[in-house]
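# Observations on the three-dimensional arrangement
Each chain, letter by letter, is given below.
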Amino acid sequence: SDVYKRQAIKIPKRGAIYSINEGNAGAWDEAITKYVHSKKFPEPGQKGASLRYIGSMVSDVHRTLVYGGIFMYPSDKKSPNGKLRLLYECSPLSLVIESAGGRASDGHRRILDIVPKTLHERTGIILGSADDVADVERLYTCLLYTSDAADDLLCVDLGGRRIIKKK
């Protein structure tokens, strides 16, 4: 029998592939919508990305691990607690990605820092190349802190434009 193996896999810091079920686009929150838009329609001088979505988390994450990029199955309006199971889908693959130098988050916190409350608890997940995941987390942070209390906050979007002009 053939055995497929690679040693010391390291995920690239940034990739050119994004993976998300675009059939759910109408239910996404603003951060995910802005991120995907920036990949589909990059600003002049910015690099876009190719959509590749198989629909099997293991296959999509394997490709992300080998070639870099980002896999997203975020919480949305239809599934506010996310769709994938924390304990036996998100956490194990987050460990694999982080062990290879990547990052895994629900947009607000590290997946491996979430303590399950129930056996079948669900969560949204964004994982892959560290810089790509950090871009999405930055969008969530910028959109979260848009209140008047954030007078000194200045956030920029992925094209380098200011999206919050409080300074």
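Residues numbered from 1 in each chain as written. Predicted model: local features only at pLDDT ≥ 70, side-chain atom pairs only at ≥ 80, totals over all residues. Heavy atoms only, no water.

### Focus on the pattern of salt bridges
Scanning the model with the defined rule gives 12 salt bridges in all. The shortest N-O distance in the salt bridge between E98 and R110 comes to 2.7 Å. Separated by 12 residues along the polypeptide, E98 in helix α3 (residues 86–99) and R110 in the loop between β5 (103–105) and β6 (122–123) bring together distant segments of the chain. For R109, the salt bridge identified is with D106, shortest N-O distance 2.9 Å. Taking relative accessible area as the criterion, R109 reaches 44% and is therefore assigned partly exposed. Judged by relative accessible area, which is 11%, D106 ranks as buried. (Salt bridge = Lys/Arg side-chain N within 4 Å of Asp/Glu carboxyl O. Helix = DSSP H or I, 4+ residues; strand = E, 2+ residues; numbered from the N terminus. Buried < 20%, exposed > 50% of the residue type's maximum accessible area, 1.4 Å probe, protein only.)

### Some remarks on the nonpolar core
Counting 17 residues, the largest nonpolar core has M57, V61, F71, L84, I111, I125 and L127 as the members making the most contacts within it. Going through the elements one at a time, α2 (57–67), β3 (70–73), α3 and β7 (125–128) are the ones with two or more residues in this core. Considering every element that reaches this core, the biggest residue donor is α3, with 4 residues. Residues within four places of I111 in sequence aside, it is in contact with L86, C90, S91, S94, A104, S105, D106, T123, G124 and I125. The next biggest cluster of nonpolar side chains, apart from the first, holds 15 residues, and it includes W28, A49, I126 and V133. (Core = buried A, V, L, I, M, F, W, Y, C linked by side-chain atoms within 4.5 Å. Contact = heavy atoms within 4.5 Å.)

### Quick look at the packing of α2 against α3
Two elements in contact, α2 and α3, have axes whose closest approach is 11 Å; the angle formed by their N-to-C orientations is 15°. In terms of their interaxial angle, α2 and α3 are classed as roughly parallel. Crossing angle aside, the handedness with which α2 passes α3 is right-handed. Contact with α2, carried on its side by M57, V58, V61 and L65, involves E89, C90, L93, V96 and I97 of α3 and no other residues of that element. For the contact of α2 with α3, a count of residues per class yields 8 nonpolar, no polar and 1 charged. (Axes fitted to C-alpha atoms, helices over the stretch in contact; angles between N-to-C directions. Parallel < 35°, antiparallel > 145°, perpendicular 65-115°, else oblique. Left-handed = near helix turned anticlockwise from the far one by under 90°. Nonpolar A, V, L, I, M, F, W, Y, C, P; charged D, E, K, R; others polar.)

### Structural notes on the sheet that holds strand β2 (residues 50–51)
Pairing in this open sheet of 5 strands is mixed, and the strands run β2-β1-β3-β7-β5 from one edge to the other. Edge positions in the sheet fall to β2 and β5, since each has one partner strand and no second. The sheet contact formed by β5 and β7 spans 3 bridges and is antiparallel. In the sheet register, A104 faces β7, and the bridge partner there is L127. Against the sheet, α3 makes contact with β5 and β7, and its axis sits at roughly 25° relative to β7, the strand it touches most. (Pairing = 2+ DSSP bridges.)

### Things to note about the pairing of β7
Neither face of β7 is open: one carries I125 and L127, the other I126 and G128, and all of them are buried. Bridge count for β3 against β7 is 4 bridges, and the pairing is antiparallel. Counted as the bridge partner of Y73 is I125 from β7.

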